[in-house]
Amino acid sequence: MTDLSRRGLIAAAAGGALAGPARAEAPSAERGGRGADILGPRDAARAAEAPNTLDPPATDHGTMPNLKWSFSDSHMRLEPGGWARQTTVRELPVSTAMAGVNMRLKANAVREMHWHKEAEWAYMIKGRARITAIDAEGRTFADDVGEGDLWYFPGGIPHSIQGLQGPEDGCEFLLVFDDGGFSEDSTFLLTDWLAHTPRSVLAKNFGIPEAALAHIPETELYIFPGPTPGPLAGDVPGGNGQVPRTFSHRMLAQAPVATRGGRVRITDSSVFPASATIAAALVEVEPGGMRELHWHPNGDEWQYYLAGQGRMTVFGSESKARTFDYRAGDVGYVPYAMGHYIENTGPETLTFLELFRSPRYADLSLTQWMALTPHALVQAHTRIDRAVIDGLPAAKHPVVPG
Ligand code: MN
Ligand code: MN
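On a predicted model such as this, the values are computed, not experimentally measured, just so you know.

1. Focus: the pattern of salt bridges
Right, so step 1: Taken as a whole and assessed by the stated rule, the structure comprises 22 salt bridges.
Right, so step 2: Here Asp144 and Arg130 are joined by a salt bridge, their closest N and O atoms 2.7 Å apart. Of this pair, Asp144 sits in strand E10 (residues 140–145) while Arg130 sits in strand E9 (residues 129–134); the two residues are 14 residues apart in sequence, bridging distant segments of the chain.
Right, so step 3: Residue classification places Arg130 among the buried residues on the basis of a relative accessible area of 5%.
Right, so step 4: Across the salt bridge formed by Asp363 and Lys396, the nearest N and O atoms sit 2.7 Å from each other. One end of the pair, Asp363, is in the loop between strand E26 (350–356) and strand E27 (364–365); the other, Lys396, is in the loop between helix H9 (386–390) and strand E28 (399–400), with 33 residues separating them in the sequence.
Right, so step 5: Given a relative accessible area of 11%, Asp363 falls into the buried group.

Okay, here's the thing in structure tokens:
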């Protein structure tokens, strides 16, 4: 049975299970005389989302850690005007290098003024927000950001985020932190600090009477409805000038590297100098196409799937290989140096972000390596016809067509 017909059966079975009584074509874990049907309890909807887990490619082998987490399985922190959920080392234990937060702020809702130990990289998924910060020299930063825009706040730099009125009634964004142990619940909040400092100390610190502090919140606000902000130009107090390297970047304004199978935009410190610890790629793969076999020489890869569906097999040496299915809203992870591909398995364009804890983006292409190594040597390893090896492209093709 082909991959596609297997998927069809599994999808049909899941549809049946969701619609009512079980159908005859229940998900099967049987292939080529190996495996058997499943007699006991099963979650048909879950199985339908992970056909390569139920019935892995015959090339999968050995023990690999879990490399997938869905934000749908993350705890939702619901607050007045928004929500937040996170995927950290606690949800996905392999993800020690980076952690992610998915957050929604309705119009005027504020993620309150705060800082944290980790650097924060962000991608705006939908809508618009106003972001503010200052640096250690008291220089200011403020910008209104929209879909496809990035921001980066270095560790310890205080900042705020506020949803803006627009077609989306605020915004939703992805935050990525350069430490997998990050927790969104462990940031340093303005209101939390004020609530845990003696009033007399606050009064002395600001040079104001204690009576002026009568209404400070007794507990943290975190996400709360705020005032409608004015025009950006008049909203930020001045005095010490602006930060020398802007904390925001328009990723979609970058011309993509276009290939026959899709497009790639790479944003690292060479084009977004403030982003000193996070490098990113936004990858689009057309139906049937594939992010080519490759690996990275500079650390783990944290992925966020924005649209479509795909599968990734990760090769971990010692004959280890495991295939995972991903769809929009999922997180994927590739440990340092492990080989991988990402294939579009759906009818839509597959769009995902690759993130690295590194100032620069770098990858190594298997095809390019073979094309640029003496061809007789490559032939001795692969036993592929010399003419075929001679035809491999020396230029990198990050996305190949179907
Ligand atoms: Mn933050
Ligand atoms: Mn990769």
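Let us keep going from here.
2. So, the coordination of the manganese ion (ligand 2)
Right, so step 1: Around the manganese ion (ligand 2), the protein contributes the donor atoms His294 (NE2), His296 (NE2), Glu301 (OE) and His340 (NE2), which lie 2.1 to 2.2 Å from the metal centre.
Right, so step 2: Between consecutive donors of the manganese ion (ligand 2), the numbers of intervening residues give the motif H-x1-H-x4-E-x38-H. The residues His294 and His296 share a single accessibility class, namely buried.

3. With respect to the environment of Gly82
Right, so step 1: Position of Gly82 relative to the elements: it lies in strand E5 (residues 82–87).
Right, so step 2: For the pair Gly82 and Trp295, spaced 213 residues apart in sequence, the C-alpha separation works out to 37 Å.
Right, so step 3: Filtering out sequence-adjacent residues up to four positions away, Gly82 remains in contact with Arg77, Arg104 and Ile223.

4. A short note on the environment of Cys171
Right, so step 1: Topologically, Cys171 is positioned in strand E13 (residues 170–177).
Right, so step 2: As a C-alpha pair, Cys171 and Glu147 span 24 residues in sequence and 8.8 Å in three-dimensional space.
Right, so step 3: Setting aside its immediate chain neighbours within four residues, Cys171 contacts Met103, Arg104, Leu105, Met124, Lys126, Gly127, Arg128, Ala129 and Gly163.

5. Some remarks on the nonpolar core
Right, so step 1: One finds Met103, Trp121, Trp151, Phe173, Trp302 and Leu355 to be the most contacted residues of the largest nonpolar core, which totals 73 residues.
Right, so step 2: Taken together, domain 1 (6–15 + 45–64 + 254–362) and domain 2 (71–249) each give at least three residues to this core, which thus spans both.
Right, so step 3: If you look at the next biggest cluster of nonpolar residues, it comprises five residues, including Leu194, Leu202, Ala203 and Leu213.

6. So, the domain arrangement of the protein chain
Right, so step 1: Per the domain assignment, the segments making up the protein chain are domain 1 (6–15 + 45–64 + 254–362), domain 2 (71–249) and domain 3 (363–397).
Right, so step 2: Computed from C-alpha atoms alone, the centre-to-centre distance between domain 1 and domain 3 is 23 Å.
Right, so step 3: Domain 1 puts nine residues into the contact, and the matching count from domain 3 is eight residues.
Right, so step 4: Buried area between domain 1 and domain 3, summed over both chains or domains, comes out near 780 Å², and the portion from carbon and sulfur atoms is 57%.
Right, so step 5: Its largest share of buried area at the contact with domain 3, domain 1 owes to Glu292, Leu293 and Trp295, together 68% of the area lost on that side.
Right, so step 6: Linking domain 1 with domain 3 are one salt bridge.
Right, so step 7: The interface formed by domain 1 and domain 3 holds four residue pairs in polar contact (both at pLDDT 80 or more) in total.
Right, so step 8: For the side of domain 1 that touches domain 3, a count of residues per class yields five nonpolar, two polar and two charged.

7. Regarding the confidence of the model for the protein chain
Right, so step 1: In this model, the protein chain carries a mean pLDDT of 93, and residues with pLDDT of at least 70 account for 93%.
Right, so step 2: Across the protein chain, strand E24 (residues 330–334) holds the top mean pLDDT of 99, while helix H1 (residues 3–19) sits lowest at 41.
Right, so step 3: In this model residues 1–26 is a low-confidence stretch, pLDDT under 50, and it forms 27 contacts with partners more than four residues away in sequence or in other chains.

8. Re the pairing of strand E7 (residues 109–115)
Right, so step 1: Burial analysis of E7 places five of its seven residues in the buried class, which makes it a mostly covered element.
Right, so step 2: Bridge count for E7 against strand E15 (residues 223–225) is three bridges, and the pairing is antiparallel. Along E15, the bridge assignment pairs Ala109 with Pro225.
Right, so step 3: Of the pairings in the sheet, the one linking E7 to strand E12 (residues 159–163) comprises three bridges and is antiparallel in character. Within E12, the position partnered with Arg111 by the bridge is Ile161.
Right, so step 4: As judged from the two bridges shared by E7 and strand E14 (residues 188–189), these two strands associate in the antiparallel manner. In the sheet register, Trp115 faces E14, and the bridge partner there is Phe188.

What counts, and at which threshold
- Each chain has its residues counted from 1, running along the sequence as written.
- Each chain is given a letter, starting from A, and each ligand a number, starting from 1, according to the order in which they appear as written.
- pLDDT decides what is reported in this predicted model: residues at 70 or higher carry local features, side-chain atom pairs at 80 or more are listed and counted, and totals for whole chains, interfaces and linings draw on all residues regardless.
- Where side-chain values are given, they derive from all heavy atoms of the structure, hydrogens and water being excluded.
- By convention in these notes, a salt bridge is any Lys or Arg side-chain nitrogen within 4 Å of a carboxyl oxygen on Asp or Glu.
- Strands are runs of DSSP state E lasting at least two residues, helices are runs of H or I lasting at least four, and both sets are numbered from the N terminus onward.
- Burial classification: accessible surface area is computed with a 1.4 Å probe over protein chains only, and a residue below 20% of its type maximum counts as buried, one above 50% as exposed, and the rest as partly exposed.
- Atoms of type N, O and S within 2.8 Å of a metal are treated as its donors, and for Na, K and Ca the window is 3.2 Å; water is not considered, so some sites may appear to be missing partners.
- Whether two residues touch is decided by their heavy atoms; if any such pair falls within 4.5 Å, the residues are in contact.
- What makes a nonpolar core is a set of buried Ala, Val, Leu, Ile, Met, Phe, Trp, Tyr and Cys residues whose side-chain atoms join them at distances within 4.5 Å.
- The start and end points of each domain follow an automatic or database-based domain assignment.
- Summed over both partners, the accessible area lost on bringing two parts together, with a 1.4 Å probe, is the buried area.
- Polar contacts here mean pairs of N or O atoms no more than 3.5 Å apart (in protein, one a potential hydrogen donor and the other a potential acceptor; neighbouring residues in sequence count only if both atoms are side-chain atoms).
- Any residue that is not Ala, Val, Leu, Ile, Met, Phe, Trp, Tyr, Cys, Pro, Asp, Glu, Lys or Arg is counted as polar, Gly included; the first ten are nonpolar and the last four charged.
- What pLDDT expresses is the predictor's confidence in each residue, scored from 0 to 100.
- The criterion for strand pairing is that DSSP finds at least two bridges linking the strands in question.

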